[in-house]
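Residue-level listing of the chains:
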Amino acid sequence: MRILRLVFTVFTSRHLMAHLKCDQMLLSIHLCEIYAILREVAPSSVTLKGRGREDTLEVTEGEEVTLECLVAAAKPVATVIWYRNDRRIALETRKDLTEESNLPRRHNLLSKITVRMEAEDHGTVFSCQAEHPALDIPKVASVRISVLYPPGEPIITGYNQGETIRAGDERTLSCTSRGGNPPAKVLWFRNNENIDSTDRPFDGGSLNDHKLVANSSDNGAVFTCRVMNKLTDVPLEASVTLDVQFPPDHVQVTGPKIARVGENVTITCLTENSNPPATISWVVDGQPHRSYGDRREKASAGGWHTISSISVIVPHVDRDMMFTCHATNQNIGDTKVDTYTLPVLRPPQPPVLHGYTEGTGLQENKEQTISCISRGGNPPAQLQWYRNGQKIPSDSHFVGDVSTAEITLLAQAHDNGAQYRCEAFNLASASPVSVSTTLIVHFPPQNLQVAVAPEKLSAGTPAVLTCRAGTSNPAAVITWFRGGYKVPSKVIETAVAANGGTRVTNVLKLNLTAADDGLHFTCRATNLALQVDLNETVTLDVKFMASVDYAQQSSSSSGRSSESQGDLVARARMRGRGIVWRLQTAPYKPVSLLHFFILLRLLTVNALLSYCLCSHLERTT
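Just so we're clear, the structure is a prediction, and the values are computed from it rather than from any experiment.

In this structure, what is going on with the overall build of the chain? I would like to understand it.
Per the secondary structure count, the chain includes two helices and 53 strands. Across the 621 residues in the chain, those meeting the buried criterion constitute 38%. Of the contacts made within the chain by residues no fewer than 6 positions apart, 63% connect residues no fewer than 24 positions apart. If you sum the accessible surface of the chain, you get close to 35800 Å²; carbon and sulfur atoms cover 52% of it.

Explain the nonpolar core to me, please; I cannot follow it from the model alone.
The tendency in soluble globular proteins is for nonpolar side chains to be buried as a group. Core analysis: the largest hydrophobic core is formed by 26 residues, its most contacted members being Leu 67, Cys 69, Val 71, Trp 82, Met 117, Phe 126 and Ile 145. Elements with a contribution of two residues or more to this core: β3 (45-48), β4 (54-60), β5 (64-74), β6 (79-84), β9 (107-116), β10 (125-131) and β11 (139-148). No other element matches the five residues that β5 contributes to this core. Those residues in contact with Trp 82, other than ones at most four positions away along the chain, are Leu 48, Leu 67, Glu 68, Cys 69, Arg 87, Arg 88, Ile 89, Arg 94, Ser 111, Ile 113, Ser 127 and Cys 128.

Even after reading the chapter, I still don't get the sheet that holds strand β34 (residues 367-374), so can you show me in this structure?
Sheet strands line up and pair through hydrogen bonds in the backbone, either parallel or antiparallel. One open sheet holds the four strands; their spatial order is β32-β34-β38-β37, and the pairing between them is antiparallel. Strands at the two margins of the open sheet, each flanked by one partner only, are β32 (352-354) and β37 (395-399). Within the sheet, the average angular offset between the axes of one strand and its neighbour, ignoring direction, is 25°. Sheet topology note: the β34/strand β38 (residues 402-410) ladder contains eight bridges and is antiparallel. Looking at β38, one finds that Ser 371 is bridged to Glu 406.

Explanation requested: the sheet that holds strand β47 (residues 490-496) in the structure shown.
Reading across from one edge, β42-β44-β48-β47 is the order of the four strands in this open sheet, with antiparallel pairing throughout. With partners counted over all chains shown, the strands left at the sheet margins are β42 (448-453) and β47, one partner each. Strand-to-strand, the axes of this sheet are offset by a mean angle of 15°, without reference to chain direction.

What should I look at first to understand the packing of aromatic side chains in this one?
Think of a pair of aromatic rings as described by two things: how far the centres are apart, and how the planes are tilted against each other in angle. What the rule picks out here adds up to zero aromatic pairs. A cation over an aromatic ring shows up here: Arg 226 above the ring of Phe 189, its NZ or CZ 4.1 Å from the ring centre. Stacked on the ring of Tyr 386, the Lys or Arg Arg 421 has its end atom at 4.4 Å from the ring centre.

What should I look at first to understand the state of the cysteines in this one?
Following the criterion strictly, the structure yields five disulfides and no others. Covalent S-S linkage joins Cys 69 and Cys 128, the inter-sulfur distance amounting to 1.6 Å. Measuring handedness by torsion sign, the sulfur bridge of Cys 69 and Cys 128 sits at about -70° and is left-handed. Separated by 59 residues along the polypeptide, Cys 69 in strand β5 and Cys 128 in strand β10 bring together distant segments of the chain. Side by side, Cys 69 and Cys 128 carry an identical accessibility label, which is buried.

Looking at this model, I keep getting lost on the pattern of salt bridges. Mind explaining?
Should their charged atoms come close, side chains of opposite charge can pair. One pass over the structure, following the stated rule, counts 18 salt bridges. We note a salt bridge from Arg 200 to Asp 209, for which the minimum N-O separation is 3.4 Å. When its relative accessible area of 29% is taken as the criterion, Asp 209 is described as partly exposed. The network of salt bridges with shared partners includes Lys 49, Glu 68 and Lys 112.

Teacher, can you tell me more about the confidence of the model for the chain here?
Low-confidence regions, as indicated by low pLDDT, have predicted coordinates that should not be scrutinised in detail. The predicted model of the chain averages 83 in pLDDT, with 81% of residues at 70 or higher. Note that pLDDT drops below 50 for residues 607-621; the model gives that stretch nine contacts with residues more than four away or on any other chain.

Just to check I follow, could you spell out the pairing of strand β22 (residues 250-254) for this structure?
Looking down a regular strand, the side chains alternate between one sheet face and the other. Burial of the side chains of β22 is restricted to one face: Val 251 and Val 253 are buried, whereas none of His 250, Gln 252 and Thr 254 on the reverse face is. Bridge count between β22 and strand β24 (residues 264-274): five bridges; the pairing is antiparallel. What sits directly across from Gln 252, in β24, is Leu 270.

What should I look at first to understand the side chain of Thr 404 in this one?
Note that Thr 404 resides in strand β38. If we ignore the near neighbours within four places in the chain, the residues touching Thr 404 are Ser 371, Cys 372, Ile 373, Leu 383, Asp 395, Ser 396 and His 397.

Before we go on, may I ask you to explain unusual backbone geometry in this structure?
Trans peptide bonds make up most of the peptide bonds, and negative phi angles are found at most residues other than glycine. Cis peptide bonds are those with omega within 30 degrees of zero, and the linkage from Lys 75 to Pro 76 qualifies with -10°. Topologically, Pro 76 is positioned in the loop between β5 and β6. In the segment running from Asn 378 into Pro 379, the intervening peptide bond is cis, with an omega of 0°. Along the chain, Pro 379 falls in the loop between β34 and β35 (382-387). The phi dihedral of Asn 365 is positive, around 70°, even though this residue is not glycine. By secondary structure assignment, the location of Asn 365 is in the loop between β33 (361-363) and β34.

Is there a simple way to explain the side chain of Thr 479 in this structure?
Structurally, Thr 479 can be placed in strand β45 (residues 477-482). Filtering out sequence-adjacent residues up to four positions away, Thr 479 remains in contact with Lys 486, Thr 522, Cys 523 and Arg 524.

What should I look at first to understand the environment of Ala 413 in this one?
Here Ala 413 is to be found in the loop between β38 and β39 (419-425). Residue contacts for Ala 413: discarding those within four places in its chain leaves Glu 364, Val 441, Phe 443 and Asn 499.

Sorry, what's going on with the environment of Thr 324 here?
Counting through the fold element by element, Thr 324 comes out in strand β29 (residues 321-329). For the pair Thr 324 and Gln 287, spaced 37 residues apart in the sequence, the C-alpha separation amounts to 9.7 Å. Engagement of the side chain of Thr 324 in a polar contact is seen with the side chain of Thr 339, the distance being 3.2 Å.

How should I be thinking about the pairing of β24 in this particular structure?
Two strands pair when backbone bridges link them, and β24 and strand β28 (residues 304-313) are joined in this way by nine bridges, in the antiparallel orientation. If you follow Ile 267 over to β28, its bridge partner there is Ile 310.

What am I meant to see in the environment of Glu 272 here?
If you trace the backbone, Glu 272 turns up in strand β24. Once you skip the residues sitting within four places of it in the chain, Glu 272 turns out to touch Pro 248, Asp 249, His 250, Trp 304 and His 305.

So, how was this worked out
- Residues numbered from 1 in each chain as written.
- Predicted model: local features only at pLDDT ≥ 70, side-chain atom pairs only at ≥ 80, totals over all residues.
- Heavy atoms only, no water.
- Helix = DSSP H or I, 4+ residues; strand = E, 2+ residues; numbered from the N terminus.
- Buried < 20%, exposed > 50% of the residue type's maximum accessible area, 1.4 Å probe, protein only.
- Contact = heavy atoms within 4.5 Å.
- Areas by Shrake-Rupley, 256 points an atom, 1.4 Å probe, with all protein chains shown as cover.
- Core = buried A, V, L, I, M, F, W, Y, C linked by side-chain atoms within 4.5 Å.
- Pairing = 2+ DSSP bridges.
- Axes fitted to C-alpha atoms, helices over the stretch in contact; angles between N-to-C directions.
- Phe/Tyr/Trp six-rings, centres within 6.5 Å; stacked < 30°, edge-to-face > 60°.
- Lys NZ or Arg CZ within 6 Å of the ring centre and 35° of its normal.
- Disulfide = S-S within 2.5 Å.
- Salt bridge = Lys/Arg side-chain N within 4 Å of Asp/Glu carboxyl O.
- pLDDT = per-residue confidence, 0-100.
- Polar contact = N/O pair within 3.5 Å; in protein donor to acceptor, adjacent residues only side chain to side chain.

This is how it looks when you write it as structure tokens:
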């Protein structure tokens, strides 16, 4: 008999077709059926019911899970071995069930194991291995267990409850949760407000590091770490409350806006948000001062407010008062300071004038600036200028407690004797204080009048020349000049005139002679302070009778005596006309007395003829 070779091809788990192929001949169908009965058939499949070949099974911690391994269509029945992470296990909970397959003469094996899953089973691979004589290599079906379990309790490091840190310190708060499947979400909250969600896997768990720089608002702040996954109905929490020490955020001293001498005032110092509460000390005008009734209040920002007050009676001072509050955090040795200046109302000092000295004369038409200065007032003095009781504008300014008001005037004659007054006052003044001055303005006379009396002047009669100088300050000094030469005169009147000046009247008395006829008489009025002159000149018209003058001249020549000769001059002045005859005679020498009388007679006749001629000329003109 030839050796037969059977080749079986498995198409599906339900359909098996055998082909019998003989090397030389075909056997009868009955012989093939006998062979089919006697041969071994490997299982068609090995599966874990409800799972793929390498599926993942999610279970919760403590849950009992039944794994069913089905070895299908084997002949004879296959053998099943269970493995846990490549380690063979034999469980009391195992149950094997054999049943007929849908294929003839084939059998299915259903092997069941029941396992209570714990957290440590997470990631464990359970395998069902089917062994059969017809298999060269066992068939295996596996499942990976994913045990869902809540994360471990959060653990906070980086700060110990009750520990004190200072504002400005850097800290890292670390929250760690071990275990948990799926991995836990670790979140940081500050006073129930999420501030950090940047967690990461760490050593079989989750970690979130939160870095912070402590400040005053962190004092009393609750930092909470919350850990959760889908198995935690309520997040797991751990919290720390920070104790941050810091100096006062702000120090402010308050008090009344103004105070008067003798008034009782209260000054308050408020320190905001210090931990621990600040200690307050006072300094008043450079001297320590005790406070009363300090109180402390909890601040919303996590620290403490400290409020301190002092009461003082305002002394007699010529300055403002200074109140200084020192707020010190004793634990960290930090101090903050605020100073309050209390304006003390005080009246200004009497003003003084600069730019003009009482009794000093000002030159007319010259500008003059006068300053009024008042010191020491609080608030600074207000200054007001008056001229003869009427307000006048000024240029005012102040520096510190010094007030200044300036006026600039162009000195005029009408300012002479004018009173300029400057008043200083402020809120503390019961009445204004003032200073005044009376101006002296030097001005020359504006006019000069000269009068001659009588109206008709004749030789041999008296005459009075009167000079009146208009108002002047100081009074004008009057001087007379006759033909350019100073002559004495007399002041007969001085009178007060306009603008406080003086009017002066001066007279020059003359006994007229023919020589005064045609002479110039000048009145000069001088303001000595200004060195200003005013001149007025008159020319006299003096009438006089005719006269004969004999002027003898002598001459001599070398070696002999001189002989006399002379001019006979006749002069006359009548109603403004003058006529002069000159009779020049030859030198003669009277021989006797008779000759002299004869000559005198001739001269008298000539004079008479001259008079007649003058009268005639006057009538004809």
